[in-house]
Amino acid sequence: EVHHAHHARVREPYIKVQTLAGTLKKGDVDQDIVAQMEPALKIMGSSVDLLSTWQDEETGGIVARFNYHGLMKNKWGMKCWFESLLEEECGMDNINNIVFETGFRRRDPAYEGGDYYYGPSSSYNGSTE
């Protein structure tokens with residue numbers, strides 16, 4: 001119950017202003033932007049899932065949100081690499097921001113001595129056998 005109360009407090013500001021940022025909720029996806037991103041998305045494979053895209057009408061800048069499934073310790077580097085892929089492989093020089101959302105996951109339990117009960121590796125029991 002402690003986790004649920006904490007997560008409700010964390011989620012409250014996002015619900016209050018009705019934003020998708022900070023959540024894993026899917027939003028609007030522009031299929032033209034997805035088509036442009038396709039080469040980079042294929043390289044990233046199953047480590048990300050597209051949640052939403054947004055394009056500024058005035059500047060043409062693009063913001064894309066993804067559900068990131070990789071290791072937390074690699075999140076920043078993967079985000080930077082993905083931005084580079086979009087520029088180099090897809091020719092998208094109008095990317096304003098790439099957001100890797102991870103939901104409530106803040107660390108890698110199996111790699112940082114975390115609680116195996118909560119998180120994506122909940123089936124792992126901590127045994128080394």
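The coordinates are above.
Residues numbered from 1 in each chain as written. Predicted model: local features only at pLDDT ≥ 70, side-chain atom pairs only at ≥ 80, totals over all residues. Heavy atoms only, no water.

**What about the nonpolar core?**
Ranked by internal contacts, the top residues of the largest apolar core, which has 20 residues, are M37, F66, F82, L86, M92, I98 and F100. Elements that contribute at least two residues to this core include exactly α2 (31-44), β1 (48-55), β2 (62-68), α3 (75-88) and β3 (95-101). Sorting elements by how many residues they give to this core places α2 first, with six residues. When sequence neighbours within four positions are dropped, the list of residues in contact with F66 reads M37, L41, V48, D49, L50, L51, F82, I98, V99, F100 and E101. (Core = buried A, V, L, I, M, F, W, Y, C linked by side-chain atoms within 4.5 Å. Buried < 20%, exposed > 50% of the residue type's maximum accessible area, 1.4 Å probe, protein only. Helix = DSSP H or I, 4+ residues; strand = E, 2+ residues; numbered from the N terminus. Contact = heavy atoms within 4.5 Å.)

**Points about the pairing of β1**
Of the pairings in the sheet, the one linking β1 to β2 comprises seven bridges and is antiparallel in character. In the strand pairing of β2, Q55 is matched with I62. (Pairing = 2+ DSSP bridges.)

**Quick word on a negative patch on the surface**
A cluster of like negative charges, contributed by E87, E88, E89 and D93, occupies part of the molecular surface. With respect to the helices and strands, E87 occurs in helix α3. (Patch = residues over 30% accessible without salt bridge, like charges linked within 9 Å, V, L, I, M, F, W, Y side chains within 5 Å. Areas by Shrake-Rupley, 256 points an atom, 1.4 Å probe, with all protein chains shown as cover. Salt bridge = Lys/Arg side-chain N within 4 Å of Asp/Glu carboxyl O. Lys, Arg positive; Asp, Glu negative; His and termini not counted. Charge placed at Lys NZ, Arg CZ, Asp CG, Glu CD.)

**Brief notes about α2**
Two residues of an α-helix separated by three or four positions point the same way, owing to the 3.6 residues in each turn. The first and last C-alpha atoms of α2 sit 18 Å apart over 14 residues, in line with the 20 Å expected at 1.5 Å per residue. The largest bend along α2 reaches roughly 60 degrees and is located at E38, with the proline P39 sitting one to four residues downstream. The set of residues buried in α2 consists of I33, V34, M37, A40, L41 and M44. Against the buried residues of α2 lie β1, β2, α3 and β3. Sitting at the head of α2, D30 places a side-chain oxygen 2.9 Å from the backbone nitrogen of D32. Immediately downstream of α2, the backbone of G45 shows phi near 60 degrees, a positive value. (Expected span 1.5 Å × (residues − 1). Bend = angle between axes of the 7 residues up to and from the residue. Polar contact = N/O pair within 3.5 Å; in protein donor to acceptor, adjacent residues only side chain to side chain.)

**With respect to α3**
Between its first and last C-alpha atoms α3 spans 20 Å; for 14 residues at 1.5 Å apiece the expected length is 20 Å, and the two agree. Looking only at α3, the buried set comprises K79, F82, L85 and L86. Around the axis of α3, the buried residues are gathered within 120 degrees of arc, so they sit on the same side. Every exposed residue of α3 that faces more than 90 degrees away from the buried side is listed here: W76 and E88. (Arc of directions from axis to C-beta.)

**Topic: the packing of aromatic side chains**
For the structure on display, the rule yields four aromatic pairs. Relative to F100, the ring of F66 lies with its centre 6.0 Å away and its plane at 80 degrees, an arrangement referred to as edge-to-face. With F66 in strand β2 and F100 in strand β3, this residue pair connects regions lying 34 residues apart in the sequence. Note on F100: relative accessible area 4%, which makes it buried. Note on Y68 and F100: the rings are 5.1 Å apart at their centroids and 10 degrees apart in plane angle, and the pair reads as stacked. Of this pair, Y68 sits in strand β2 while F100 is found in strand β3, placing the two residues 32 residues apart along the sequence. Note on accessibility: Y68 and F100 belong to one class, buried. (Phe/Tyr/Trp six-rings, centres within 6.5 Å; stacked < 30°, edge-to-face > 60°.)

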